[in-house]
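Residue-level listing of the chains:
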Amino acid sequence: MNSLEDIWQAVLEALSRSLTQTAMTTWFNDCKPVEIVNNRFVLCATTDFKRNIIRDRYGDLLRAALVDIFSSDFELTVLTPDELPDYKQEREAENGLPEMAGYTFDHFVVGPSNQFAYAAAKAVSEQPGKVYNPLFIYGNSGLGKTHLLLSIGQAIHHERPTLSLAYIKGDSFINDMVKAIKTGEMEDFRTRYRNVNLFLVDDIQFIAGKDSTQEEFFHTFNSIYEAGHQIVITSDRPPMDMPLLDDRLRTRFEGGLMADIQPPNLETRIAIITNKATQLGMVLSDEVTNYIAESLTSNIRQIEGVVKRLTAYKDLMNDEITIASVKRAIKDVIRVGNYIPTPDAIIGETARYFGFSAEDLTGTNQTKDITKSRQVAMYLIRSLTNLSLPDIGNLFNRNHSTVLTSIRKVEKLLNTEADMPATIRNITSNINSRM
């Protein structure tokens with residue numbers, strides 16, 4: 001008996017052995033179970049009056065039914081629909097799992113660049129603690145790592161409501177630990193994270209180099225893992241690319257299943273745009289969809305941001321969605337970004353990585369190795385800057401169609417050439433280190 005609905009039906013069956021059919025219909029027919037967490041059963045009644053009757057007159061019967069099912073004492077909380085929002089906010093503060101309706105497996109667009117990570121996440125959600133533990137998902141920002149992490153959490157919480165979970169970001173783990181040390185509440189801190197059935201950690205790379213935090217995380221990891229409970233971790237890079245990560249943590253992360261997510265190819269980007277537009281109740285023309293997909297090549301979050309802005313233009317300004325409005329939306333979204341490296345820095349670092357000069361990449365040499373290096377530089381400029389295809393072409397004295405062909409070539413190599421993902425990560429890391 002795993003699902004919340006199964007448990008509620010068992011409770012109703014137990015109640016029916018003590019109550020008349022009239023009482024069952026009157027008081028429980030329209031009640032909805034909310035969740036079971038930490039030996040607390042939460043129920044929603046339709047009115048204040050029904051809530052009071054159920055809590056005061058039938059509370060002992062409900063608790064007794066839960067004891068029969070779980071062989072453990074339970075507390076009972078009965079809410080009304082008006083009280084649910086405040087309760088959910090409090091629960092979010094307790095376990096940290098954000099209430100993000102779109103972050104489920106159903107809304108995750110699967111393509112060649114993320115298929116393996118998606119399949120692994122689904123498997124973990126169906127058999128937590130039994131397969132792929134820990135699951136380590138890595139990839140650049142904005143590719144869907146957090147989406148998969150939250151999808152796992154929501155799927156397990158829905159199907160196994162009695163399991164406890166904790167969601168934390170790497171930097172928040174550091175901050176919470178520092179606060180606990182200052183206030184003398186380290187035991188509470190350890191209890192909060194070490195006794196969960198599902199531990200979801202987003203952006204673990206932030207704890208690298210923080211010796212005391214890594215020590216605490218090591219013991220937290222061991223406590224959860226040795227209890228047979230599930231751990232899922234995301235990062236912007238694999239453990240081997242974190243030189244300041246403690247070796248004990250690195251070996252434990254690498255001892256599970258590692259799944260990377262790469263930038264989506266053109267077909268997947270088109271599917272993402274179409275899917276997001278549908279969620280927002282909007283239909284985009286093929287021309288607009290293709291323009292967005294060809295303009296934003298490496299960041300799903302930016303793609304979704306553009307679609308949201310187009311929805312706002314349409315709803316708030318009664319603006320027809322044209323290529324001009326798409327260009328405006330793309331410009332607005334990209335402007336929000338943080339550090340943007342210069343094209344010269346990207347070309348220089350790419351050339352240095354492959355053992356060439358910047359002039360080799362921007363020149364006319366067509367040897368195989370230089371051509372490949374040039375294509376990688378074009379791909380990285382498109383991924384990391386705001387430049388259009390024609391602007392990139394001008395840097396290399398090529399036209400925009402050559403640039404687009406080069407980008408698609410690298411996208412293909414990311415899925416077919418074993419070393420290419422690491423090459424892109426390493427060059428990007430070198431570029432970012434110049435900040």
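Figured I'd write up the structure that's included with this text. Quick caveat, the model's predicted, so the values are computed rather than measured.

Right, let's talk about helix α6 (residues 115-126) for a bit. Counted at 1.5 Å a residue, the expected span for α6 with its 12 residues is 16 Å, and the 17 Å between its end C-alpha atoms agrees. When we look at burial in α6, the residues that qualify are A117, Y118, A120, A121, A123, V124 and S125. Lining the buried residues of α6 we find β4 (135-138), α7 (145-159), β7 (230-235) and β8 (257-260).

Our next topic: the packing of aromatic side chains. In this structure the tally under the stated criterion is 17 aromatic pairs. An angle of 50 degrees between the planes, with centres 6.4 Å apart, marks the rings of F136 and Y138 as tilted. By relative accessible area, F136 is classed as buried at 1%. Looking at Y138, the relative accessible area reads 11%, which means it is buried. Clustering of aromatic rings is evident, with ring pairs tying together F136, Y138, F173, F189, Y193, F199, F217, F221, Y225 and F253. A cation sits over an aromatic face here: R248 above F218, 3.9 Å from the ring centre.

Applying the stated criterion across every chain, the model contains 1 cavity of 30 Å³ or more. If you add up the space inside the largest cavity, you get close to 60 Å³. Around the largest cavity, the lining residues are Y138, G139, N140, I261, Q262, P263, I424 and R425. Of the residues belonging to the lining of the largest cavity, the class tally is 4 nonpolar, 3 polar and 1 charged.

This next bit is on the environment of G255. Examined against the element boundaries, G255 turns out to sit in the loop between α11 (247-254) and β8. Expressed as a C-alpha distance, the spacing of G255 and D60, which sit 195 residues apart in the sequence, is 48 Å.

Analysis parameters
Residues numbered from 1 in each chain as written. Predicted model: local features only at pLDDT ≥ 70, side-chain atom pairs only at ≥ 80, totals over all residues. Heavy atoms only, no water. Helix = DSSP H or I, 4+ residues; strand = E, 2+ residues; numbered from the N terminus. Expected span 1.5 Å × (residues − 1). Buried < 20%, exposed > 50% of the residue type's maximum accessible area, 1.4 Å probe, protein only. Contact = heavy atoms within 4.5 Å. Phe/Tyr/Trp six-rings, centres within 6.5 Å; stacked < 30°, edge-to-face > 60°. Lys NZ or Arg CZ within 6 Å of the ring centre and 35° of its normal. 1 Å grid on protein atoms, 1.4 Å probe; cavity = no way out; pocket = protein on both sides within 12 Å on 5 of 7 lines; lining within 4 Å. Points joined across faces, edges and corners; volume = space filled by probe spheres on them. Nonpolar A, V, L, I, M, F, W, Y, C, P; charged D, E, K, R; others polar.

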